[in-house]
Amino acid sequence: MSAVPVPVPHDIAVSPTIGWRGLVTDWSSDREAFHVAWGKAMMWIFLLSDTFIFGSFLTGYMTVRSSTTVAWPNPSQVFALHIGGADVPLLLIAIMTFVLISSSGTMAMAVNCAYGRDRVRAAVLMFVTAAFGVTFVSMQAFEWTKLILEGVRPWGNPWGAAQFGSTFFMITGFHGLHVTAGVIYLSVVAVRLLRGRYEHRANYQIVEIAGLYWHFVDLVWVFIFALFYLW
Amino acid sequence: MTTATGQQHPISLYLKIWALLFVLSTLSYGVDYFHFHGLLRWGLILVFMLMKAGLIVAVFMHLAWERLALICAILLPPLCLLVLVGLMTAEADYTHLTRLLFFR
């Protein structure tokens with residue numbers, strides 16, 4: 001009894017390839033969920049994962065701060081600077097905030113210039129952004145040095161709850177690492193932009209993608225500033 | 001303004017947002033400088049924080065001009081963190097109470 005060939009319906013797509021290539025073809029099936037360049041979609045997904053990392057850090061900080069029975073050191077006094085015979089609360093942190101916001105402003109203008117295909121101005125603005133980033137990290141290094149000299153350690157400090165030091169070093173350290181990585185990333189892209197590495201493409205969208213990362217670093221600082229320093 | 005390949009917006013828009021972020025940062029610093037306390041302090045801190053975050057994400061990161069599919073994919077998953085915050089608030093309160101009972 002010979003088998004009658006059953007016609008395959010047209011709407012069932014059968015992948016011609018097998019193995020890993022077949023797996024990728026089946027999962028993508030020539031469909032795009034996000035109508036943006038793949039690099040931009042991937043950067044957004046990376047930033048989403050980073051959001052969960054910082055979100056978990058801040059939630060952990062909330063947990064140890066609200067469960068300790070020892071008084072939490074007052075950040076307003078801990079981070080005060082002694083200037084002109086008076087203690088100005090949180091001064092260094094406020095300046096760091098303005099520096100980072102300014103870097104976001106120059107980054108946004110770099111993206112604007114990149115879409116106007118003005119690569120020299122875009123690269124210069126990216127270098128300015130990176131310089132703001134270096135300023136920020138230097139001020140953070142100064143702040144860490146000051147606190148370490150005053151006796152703050154991950155396991156204790158002179159003013160109260162021991163968890164203050166561990167959450168402080170963990171959260172600001174991880175953020176500082178992000179700023180440092182961002183400075184390197186922006187510098188690399190700016191140098192490549194000047195050398196004409198992106199000329200074969202129709203656009204300089206890499207600048208916008210690098211900008212997304214940089215704005216995210218600023219965004220995380222907004223949350224750290226509010227929840228750690230001001231709370 | 002928005003093309004298939006990218007986004008270009010007038011530079012004056014960025015300058016306005018930049019100025020607005022400066023104002024909001026000054027205001028949130030003012031909350032500490034003028035020693036606001038209690039619910040007013042926490043409320044103001046959160047309001048200024050969310051306004052700044054919203055401006056950065058919407059304008060600087062161009063999310064306001066992206067398609068809804070991307071906006072939802074980016075903004076909805078972090079809401080899970082609110083569940084974590086809720087769970088950990090309950091956990092922290094419980095830890096705090098047991099510490100008050102046994103370690104003081």
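Everything quoted here is computed from the prediction, not taken from an experiment.

> How should I be thinking about the overall build of chain B in this particular structure?
When helices and strands are tallied, chain B shows four helices and zero strands. Ordered by position from N to C terminus, the α and β elements of chain B give α-α-α-α. Over its C-alpha trace chain B gives a radius of gyration of 20 Å, far above what one expects of a compact globule, namely 13 Å for 104 residues. Within chain B, buried positions represent 16% of all 104 residues.

> Is there a simple way to explain the overall build of chain A in this structure?
The number of helices and strands found in chain A is seven helices and two strands. The N-to-C order of helical and strand elements in chain A reads α-α-α-β-β-α-α-α-α. What you see for chain A is a C-alpha radius of gyration of 25 Å, clearly larger than the 17 Å of a compact globule of 231 residues, by over 25%. Oriented by its inertia axes, the alpha-carbon framework of chain A measures out at about 100 × 50 × 20 Å. Across the 231 residues of chain A, 33% fall into the buried class. Restricting to contacts in chain A with at least 6 residues of sequence separation, those with at least 24 account for 69%.

> Just to check I follow, could you spell out the nonpolar core for this structure?
Within soluble globular proteins, side chains that are nonpolar tend to cluster in buried spots. Residue and element names in this part refer to chain A. Ranked by internal contacts, the top residues of the largest apolar core, which has 65 residues, are Ala110, Ala122, Met126, Leu186, Val207 and Phe225. The greatest single-element share of this core, amounting to 18 residues, is contributed by helix H7 (residues 205-230). Excluding anything up to four places from it in sequence, alanine 110 contacts Ala122, Leu125, Met126, Thr129, Val207 and Gly211.

> Got a minute to help me understand the domain arrangement of chain B in this structure?
By convention, interface size is frequently given as the accessible area that disappears when the constituent parts associate. For chain B, the domain assignment lists domain 1 (1-66) and domain 2 (76-104). A separation of 29 Å is found between the C-alpha centroids of domain 1 of chain B and domain 2 of chain B.

> What's the story with the interface of chain B and chain A in this structure? I'm lost.
Of the residues lining the interface, 42 residues belong to chain B; the matching set on chain A comes to 42 residues. Taken together, the elements giving at least two residues each to the side of chain B that touches chain A come down to helix H1 (11-33), helix H2 (38-60), helix H3 (68-75) and helix H4 (80-102) of chain B. Take the side of chain B that touches chain A: its biggest share by element is 11 residues, from H1(B). In terms of residue class, the side of chain B that touches chain A is built from 27 nonpolar, nine polar and six charged.

> I'm lost on the environment of Ala53(B) in this one. Help?
Structurally, the position occupied by Ala53(B) is in helix H2. For Ala53(B), a count of 16 C-beta atoms within 10 Å gives the class partly exposed. In this structure the C-alpha to C-alpha distance between Ala53(B) and Leu21(B), which are 32 residues apart in sequence, comes to 9.4 Å. Sequence-distant contacts of Ala53(B), defined by excluding residues within four places in its chain, comprise Leu219(A) and Val222(A).

> Honestly, the confidence of the model for chain B in this entry has me stumped. Any pointers?
Residue and element names in this part refer to chain B. Chain-level pLDDT for chain B is 89 on average; 93% of the residues reach the 70-or-more range. Of all the helices and strands in chain B, H1 carries the lowest mean pLDDT, 91, while H4 carries the highest, 95. Of the two predicted TM-score estimates for the complex, the pTM is 0.88 and the ipTM is 0.92.

> Can you help me understand the packing of helix H5 (residues 119-149) of chain A against helix H6 (residues 163-194) of chain A in this one?
Helix-helix packing: each pair is described by the crossing angle between the helix axes and the interaxial distance. Residues and elements named next belong to chain A. Contact geometry of H5 with H6 gives a least axis separation of 9 Å together with a crossing angle of 160°. As the angle between them shows, H5 and H6 are arranged roughly antiparallel. As for the relative orientation of H5 and H6, their crossing is left-handed in sense. For the pair formed by H5 and H6, the contact residues are Arg119, Ala122, Ala123, Met126, Phe127, Thr129, Ala130, Gly133, Val134, Phe136, Val137 and Gln140 on the first element and Thr172, Gly176, Val179, Thr180, Gly182, Val183, Leu186, Ser187, Val189, Ala190, Leu193 and Leu194 on the second. Looking at the contact of H5 with H6 residue by residue, the class counts come to 15 nonpolar, eight polar and one charged.

> Honestly, unusual backbone geometry in this entry has me stumped. Any pointers?
Working note: non-glycine residues mostly have negative phi, and peptide bonds are mostly trans. Notably, Leu90(A) is not glycine yet its phi reads approximately 55°, a positive angle. For Leu90(A), the position within the fold is in the loop between strand E2 (86-88) and helix H4 (91-115). Phi angles above zero are rare outside glycine, and His35(B) is one such case at about 55°. Taking the number of C-beta atoms within 10 Å as the measure of exposure, His35(B) has 9 and is therefore exposed.

> Mind showing me how you'd approach H2(B) here?
Spacing of three or four residues puts side chains on the same side of an α-helix, whose turn is 3.6 residues. Over its 23 residues, H2(B) extends 32 Å from the first C-alpha to the last, a length consistent with the 33 Å expected when each residue adds 1.5 Å. On its buried face, H2(B) sits against H4 and H7 of chain A together with H1 of chain B. Of the residues flanking the end of H2(B), it is His62(B), one or two places downstream, whose phi is positive at about 65°.

> Even after reading the chapter, I still don't get the packing of helix H2 (residues 38-67) of chain A against H6(A), so can you show me in this structure?
Residue and element names in this part refer to chain A. Packing of H2 against H6 brings their axes to within 10 Å, and their N-to-C directions diverge by 170°. Between H2 and H6, the interaxial angle falls into the category roughly antiparallel. Two secondary-structure elements touch here, H2 through Phe57, Tyr61, Val64 and Arg65 and H6 through Gln163, Thr167, Met170, Ile171 and Phe174. Here the contact of H2 with H6 is built from residues that sort into six nonpolar, two polar and one charged.

> Explanation requested: the environment of Trp42(B) in the structure shown.
All names here are of chain B. Mapped onto the elements, tryptophan 42 comes out in helix H2. The exposure class of tryptophan 42 is partly exposed, given the 15 C-beta atoms found within 10 Å. Measuring from C-alpha to C-alpha, the distance between tryptophan 42 and leucine 63 comes to 27 Å, with 21 residues separating the pair along the chain.

Reading guide: rules and limits
- Residues numbered from 1 in each chain as written.
- Chains lettered and ligands numbered in written order.
- Predicted model: local features only at pLDDT ≥ 70, side-chain atom pairs only at ≥ 80, totals over all residues.
- Helix = DSSP H or I, 4+ residues; strand = E, 2+ residues; numbered from the N terminus.
- Rg over C-alpha atoms; globule rule 2.2 N^0.38 Å.
- Buried ≥ 20, exposed ≤ 12 C-beta atoms within 10 Å, placed from the backbone.
- Contact = placed C-beta atoms within 7 Å.
- Core = buried A, V, L, I, M, F, W, Y, C linked by C-beta atoms within 7 Å.
- Domains from an automatic or database assignment.
- Nonpolar A, V, L, I, M, F, W, Y, C, P; charged D, E, K, R; others polar.
- pLDDT = per-residue confidence, 0-100.
- Axes fitted to C-alpha atoms, helices over the stretch in contact; angles between N-to-C directions.
- Parallel < 35°, antiparallel > 145°, perpendicular 65-115°, else oblique.
- Left-handed = near helix turned anticlockwise from the far one by under 90°.
- Expected span 1.5 Å × (residues − 1).

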